[in-house]
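Observations on chain architecture
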Amino acid sequence: MERKIKVLVAKPGLDGHDRGAKVIASALSDAGMEVIYTGLHQTPEKIVKTAIDEDVDAVGLSILSGAHMTIFPKVLKLLKENKRDDILLFGGGIIPKEDMEELEKMGVGKLFGPGSQTKEVIEYLKDWFEKNRK
Amino acid sequence: MHIENLFQKLKEKDRVTLAKIITLVDNETPEGIEFLKRYYKERKESFRVGITGPPGVGKSTLVNKLVERFARKYNHLSILAVDPSSPFTGGAILGDRLRMENLYRFDNVYMRSVASRGSLGGLSSSTENILQVLEIFGTDLILVETVGVGQSELDVMEITDLVIVVLVPESGDSIQAMKAGIMEIGDIFIVNKSDRDGAEKTSEYIKSILQMKTKDKEILPPVINVSAKDDQNIDKLVEEIENLKKTFIENGIIERKRKIRKNKEVRDILRDMFIKSIDRELKIIENTKDKDISPYEISEKIFKKIDLKSLEDIWKEK
């Protein structure tokens, strides 16, 4: 059986703008992936617990509140503590270029800013999966 | 990782390992199957409660409320929630966690979302495998939430010990259409969202149907008006689950169900093996030029071709 790519799409932080996360979730599902969608106001702890219990391949975070420099490193740290830093952490939202570079240096995967196409995200995930999980 | 190591870590109650083994059996990998073969005997038979009903009746919200009760009552609780896969893309959105906030309040609760992957009975074909892993882990109670079902998705009955059918006050007319189907598999019936009009009438209607269907010696399934959102009558539901659990154990009903379940499981595995071997033969037949050969005749030809050796090969390839 062909193994499905399993992705957790989560919306951490306090802002309520989840349109982007929902669009990504359905685009990934349309591309044949199994997407766990957990809704708004997820803490890093909840996100990591879900990622571990569901044994996902990747976690995608949508952050529009400006808290990306806090949340991404925290999730990364918790994944490491649980020895699951093999899970890809990627994301999107309003994130300045300098911050993106810094986060990517820390080990966060690709971050997609405004104007990104859903097919870029799909290709990125498929490519990562091919290289890391096969 | 070797499966002995996986088992060792599972016995140490390692969550990460539990999740990884479930992935192996969900994908029906050779390691996953080997794991189940070897450690089946280590399982502790947990009580399995199925929750089924049409889409949008509030199954996940109800499960969320049950989590709160059962997490306090049992050492370990598991939840398996199945959502539909798209028949066109194979993808799925698994959104049950959206309404299960209580999951995060308890450390003794494990929840897993599963996509149905083309299975039509309201579950996935790997569900039994996953439940076995949870039993090897040593969970006490498992809640299995099905895909939102219509009339005839009845797999949950075979895989669980007790089935809760969830309906809403507006289910009225459609209950008629479910008479032969999910109305026959419930051990407990819930009219959820009963803060809305018509709940009383709907539950009376369900009761009248159940009375007609239930034979003398059988237990008449309780019908409970619940509002999961407002936490109304959840304790009553928990009480009924516990009562029936006790009765089922005392009357030997559970044992009988488990025997039937095992038979079915063996049949499913064998059928799966046969189908794979048939598919292989079909490719040969497809090339035949004779258009007028009937499907029955082709079937007989294929049947004669299948031998035990080819079945064994397919099994090893799995």
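So, here's what we can say about the structure. (Residues numbered from 1 in each chain as written. Chains lettered and ligands numbered in written order. Predicted model: local features only at pLDDT ≥ 70, side-chain atom pairs only at ≥ 80, totals over all residues.)

1. Some details on the interface of chain B and chain A
Spelled out, the test is: Throughout, a pair of residues is in contact if the C-beta atoms placed from their backbones lie within 7 Å. In this text, helices come from DSSP runs of H or I with a minimum length of four residues, and strands from runs of E with a minimum of two, each type numbered from the N-terminal end. A pair of strands counts as paired when DSSP detects no fewer than two bridges linking them.
Taken together, the 24 residues of chain B in the interface contact 25 residues of chain A. At the level of secondary structure, the elements contributing two or more residues to the side of chain B that touches chain A comprise α2 (15-26), β3 (92-94) and β4 (109-115) of chain B. When residues of the side of chain B that touches chain A are assigned to their parent elements, the largest contribution, six residues, is made by α2(B). Across three bridges, strand β2 (residues 34-37) of chain A lies against β3(B) in parallel orientation. Residue E34(A) lies in a different strand from β3(B), and its bridge partner there is A92(B).

2. Side note on the nonpolar core
Just so we agree on the cut-off: Working definition: the nonpolar core is a set of buried Ala, Val, Leu, Ile, Met, Phe, Trp, Tyr and Cys residues, joined through C-beta atoms within 7 Å. Here the C-beta atoms are placed from the backbone, and a residue counts as buried if at least 20 other C-beta atoms lie within 10 Å of its own, exposed if 12 or fewer do, and partly exposed otherwise.
Membership of the largest hydrophobic core comes to 113 residues, with the highest contact counts inside it found for V7(A), V35(A), V59(A), V75(A), L89(A) and I190(B). Setting aside chain neighbours within four positions, we find V59(A) in contact with L8(A), A10(A), I47(A), A51(A), V75(A), I87(A) and L89(A).

3. Details of the packing of α2(B) against helix α3 (residues 30-39) of chain B
All names here are of chain B. Filter applied, for reference: An axis is simply a line fitted to the C-alpha atoms; with a helix, the fit covers only the stretch in contact. Between two such axes, the angle follows the N-to-C directions and lies from 0 to 180 degrees. The cut-offs work like this: below 35 degrees is roughly parallel, past 145 is roughly antiparallel, 65 to 115 is roughly perpendicular, and the gaps in between are oblique.
For the pair α2 and α3, the least separation of the axes is 7 Å and the interaxial angle reads 105°. Considering the angle they form, α2 stands roughly perpendicular to α3. Touching I21, L24 and V25 of α2 are E31, G32, F35 and L36, all from α3.

4. Topic: helix α9 (residues 234-250) of chain B
Residues and elements named next belong to chain B. Our working rule: In this analysis, the expected span of each helix is defined as 1.5 Å times one less than the number of residues it contains. To be clear, the arc concerns the directions from the helix axis to the C-beta atoms.
In a regular helix each residue adds 1.5 Å, so 17 residues correspond to 24 Å; α9 covers 24 Å between its end C-alpha atoms and thus fits that length. Of all the residues in α9, the buried ones are I234, L237, E240, I241 and L244. Considered in projection along α9, the buried side chains sweep an arc of 115° and stay on one side of the axis. Exposed side of α9, more than 90 degrees from the buried face: D235, K246 and E250 are the residues found there. Where α9 is buried, its residues touch β1 (47-52), α4 (59-73), β6 (162-167), β7 (188-191) and β8 (223-225). The positive-phi residue at the C-terminal boundary of α9 is G252, with phi of around 75°.

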